[in-house]
Amino acid sequence: MSARHEDGVATTHRVVILGAGYAGLSAAIQLASRVRRSGDVRVTLVNAQERFTERLRLHMSATGQRLAELSIPELLEGTGARFERGWVTAVDVDAKTVRIDDERVLSYDTLVYALGGVADTAAVPGAEDHAYTLDGPQDAGMLADRLSRLGGGTVAVVGSGLTGVESAAEIAERHPELNVVLLGRSEPGATMNPKAKAYLHAALERLGVTVRSGVEVVKVLPGTVELAGGESVAADAVLWTSGTRVSPLPAAAGLTVDAHGRIVTDAALRSVSHPDVYAVGDAAAIRQGYGVMHGTCQGGMPTGVHAAVSIVRTLKGGRPKPFRFGYYHTPVSLGRHDAVVQFTHPDDSPRRLYLTGRAAVRYKETVTASPWPTWGRMKKMPASGAFWPRGGRFTRVGQAR
Ligand SMILES: Cc1cc2nc3c(=O)[nH]c(=O)nc-3n(C[C@H](O)[C@H](O)[C@H](O)COP(=O)(O)OP(=O)(O)OC[C@H]3O[C@@H](n4cnc5c(N)ncnc54)[C@H](O)[C@@H]3O)c2cc1C
């Protein structure tokens, strides 16, 4: 493998991966496992916390359920990747450096940006100040604390997407003393087939969740949510799950970003403006034949693996291959005892096949717990990480259905 050369002297190629979520950890484990014997590539993974955040389970944390302690340094054990704990405050794409905690500077030759996204609380006035989010364990913990002290009253969950549905169901199940109102533009389960959607609605009704779809929240005030048209909905706590945005870091660095702040990538997942920067997971705007991918763990992990494989190919003098991914399922928890899983075409449109009840609960849990065995296998056999549905004709740019 070729390393960086300065004045004819071979030096180590430094790959810095920002963010140890599902995408960043997949990139780090895949890359470090592939290069661990070569000795001329150094992989450093940077993350705010040492504990892995199971984002898929943050609605459980928000209702006071304890999650497993997963340590990032332990997940990296045996790969040779270094872990650097800290908050990334700036990226300098000209100097090729990253600033951490405003005090340390890390230099890179190749950067992988995997810092994810957060709920878009900037979308309406007051959401930033008066709404809770599921952006991280601390945010989820603050909501859990608030819910446990309420003893009665109303919780408004804003956003009728899947995070909003899972959160409303979880809160209603854990806190039967609270009224839960789910507010959003689209009806819950809008992308599911009619039968799966009907099941989801019946489950929300059984749990006592009041669904108000077709509404536009325009303001969040202490104790109230204001709707377009002037109606107010009283709420003792508001959870904001509507929309996502990416931190201003990539835009401030001069990387080309889309309207949500995501780094726009080429087919190989490199920034279109700075090809030595790869972008993966929720922080990347990745075009497929069916459109730009939306943030999921099922798609995020393959992006990390693909970036790692591309870096290795490039270091060996080859050309990275285009990334292709087709969706295959939408698993949705409805509290701890019910769920619905919609199987999908690669463009995320629903198939006829879906699961409900206990089979769906088991399926959802298996999927949620699958990253660890996947990473464990990848450490021993890196190639095992490269299996995911490529999506056939659905994902060829210019050849969508
Ligand atoms: C409640 C909930 C349920 C969900 N359920 C599903 C599901 O069932 N299926 C599915 O596919 N997707 C689901 N998602 C979406 C899924 O969680 C995301 O798509 C996925 O986490 C994206 O992975 P990522 O690696 O890009 O980002 P993340 O997992 O968010 O990881 C980003 C990492 O970067 C760190 N970080 C961020 N900024 C900084 C900084 N400045 N400095 C240092 N570190 C930083 C964060 O702490 C985090 O560790 C769910 C999301 C939520 C909130």
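Look a little higher up for the structure.
Heads up: these notes are all about the structure in this document. The model shown is predicted, which means the values in this text are computed figures rather than measured ones. (Residues numbered from 1 in each chain as written. Predicted model: local features only at pLDDT ≥ 70, side-chain atom pairs only at ≥ 80, totals over all residues. Heavy atoms only, no water.)

### Side note on the overall build of the protein chain
Helix and strand counts for the protein chain stand at eleven helices and 26 strands. Against the compact-globule benchmark of 21 Å for 401 residues, the protein chain has a radius of gyration of 22 Å, which places it among compact chains. With the principal axes as the frame, the protein chain shows a C-alpha extent of 70 × 45 × 40 Å. Looking at the protein chain as a whole, 51% of its 401 residues qualify as buried. Partitioning the contacts of the protein chain with sequence separation of at least 6, the portion at a separation of at least 24 is 63%. Carbon and sulfur atoms make up 50% of the accessible area of the protein chain, which totals about 17700 Å². Distance between charge centroids for the protein chain: 10 Å, based on 46 positive and 39 negative side chains. (Helix = DSSP H or I, 4+ residues; strand = E, 2+ residues; numbered from the N terminus. Rg over C-alpha atoms; globule rule 2.2 N^0.38 Å. Buried < 20%, exposed > 50% of the residue type's maximum accessible area, 1.4 Å probe, protein only. Contact = heavy atoms within 4.5 Å. Areas by Shrake-Rupley, 256 points an atom, 1.4 Å probe, with all protein chains shown as cover. Lys, Arg positive; Asp, Glu negative; His and termini not counted. Charge placed at Lys NZ, Arg CZ, Asp CG, Glu CD.)

### Structural notes on the site of the ligand
With respect to spatial proximity, 28 residues lie near the ligand, and among them Ala23, Val88, Asp282, Cys297 and Lys364 are the closest. Here a nitrogen atom of the ligand sits 3.1 Å away from a polar atom, N or O, in the main chain of Ala48. At a separation of 2.7 Å, an oxygen atom of the ligand approaches a polar backbone atom of Cys297. Contact with the protein chains hides 88% of the accessible area of the ligand, taken as 1000 Å² for the molecule alone. At the level of elements, helix 1 (22-35), helix 6 (162-174) and helix 9 (297-315) are the ones that each hand at least two residues to the shell around the ligand. Considered class by class, the residues forming the shell around the ligand number twelve nonpolar, twelve polar and four charged. (Near = heavy atom within 4 Å. Polar contact = N/O pair within 3.5 Å; in protein donor to acceptor, adjacent residues only side chain to side chain. Nonpolar A, V, L, I, M, F, W, Y, C, P; charged D, E, K, R; others polar.)

### A few points about helix 10 (residues 357-368)
Its twelve residues give helix 10 an end-to-end C-alpha distance of 16 Å, which sits within 8% of 16 Å, the value for a rise of 1.5 Å per residue. Considered for burial, the residues of helix 10 that qualify are Gly357, Ala360, Lys364 and Thr368. For helix 10, the buried positions fall inside an angular range of 65 degrees around the axis, keeping them on one side. In helix 10, the exposed positions that point more than 90 degrees away from the buried face belong to Arg358, Arg362 and Thr366. (Expected span 1.5 Å × (residues − 1). Arc of directions from axis to C-beta.)

### A short note on the pairing of strand 17 (residues 237-240)
The alternating pattern of strand 17 places Ala237 and Leu239 and Val238 and Trp240 on opposite faces, both of which are buried. Inspection of the sheet shows strand 11 (residues 154-158) paired to strand 17 by four bridges, in the parallel sense. Looking across to strand 17, one finds that Val155 is bridged to Ala237. (Pairing = 2+ DSSP bridges.)

### Section: the sheet that holds strand 25 (residues 339-344)
Here three strands make up an open sheet; going across it, the order is 24-25-26 and the pairing antiparallel. Two strands in the sheet have a free side with no partner beyond their single neighbour: strand 24 (329-333) and strand 26 (350-356). Sheet twist, expressed as the mean angle between neighbouring strand axes with direction ignored, is 15 degrees. Sheet topology places strand 25 next to strand 26; four bridges connect them, and they run antiparallel. Paired with Gln342 across the two strands is Tyr354, which belongs to strand 26. Set on the sheet, helix 7 (residues 194-206) makes contact with strand 24, strand 25 and strand 26; between it and strand 25 the angle comes to about 160 degrees. (Axes fitted to C-alpha atoms, helices over the stretch in contact; angles between N-to-C directions.)

### Let's talk about helix 6
Between its first and last C-alpha atoms helix 6 spans 18 Å; for 13 residues at 1.5 Å apiece the expected length is 18 Å, and the two agree. Along helix 6, the residues classified as buried are Gly164, Val165, Glu166, Ser167, Ala168, Ala169, Glu170, Ile171 and Ala172.

### Some thoughts on the packing of helix 1 against helix 11 (residues 371-380)
In the contact formed by helix 1 and helix 11, the axes pass within 9 Å of each other and the chain directions differ by 15 degrees. The angle between the axes of helix 1 and helix 11 places the two elements in the roughly parallel class. In this structure, helix 1 meets helix 11 at a crossing whose hand is right-handed. Here Tyr22, Leu25, Ser26, Ile29, Gln30 and Ser33 of helix 1 lie close against helix 11, whose contacting residues are Pro371, Trp375, Met378 and Lys379. A per-class count over the contact of helix 1 with helix 11 returns six nonpolar, three polar and one charged. (Parallel < 35°, antiparallel > 145°, perpendicular 65-115°, else oblique. Left-handed = near helix turned anticlockwise from the far one by under 90°.)

### What about the layout of surface pockets?
The computed volume of the second largest pocket comes to approximately 340 Å³. Around the second largest pocket, the lining comprises 16 residues; the ones closest to its centre are Arg51, Ser61, Gln65, Leu67 and Pro137. Looking at the lining of the second largest pocket, the elements that each hand over two or more residues are helix 2 (58-61) and helix 5 (137-150). The element that contributes the greatest number of residues to the lining of the second largest pocket is helix 5, accounting for three residues. Of the residues that constitute the lining of the second largest pocket, the class distribution is six nonpolar, six polar and four charged. (1 Å grid on protein atoms, 1.4 Å probe; cavity = no way out; pocket = protein on both sides within 12 Å on 5 of 7 lines; lining within 4 Å. Points joined across faces, edges and corners; volume = space filled by probe spheres on them.)

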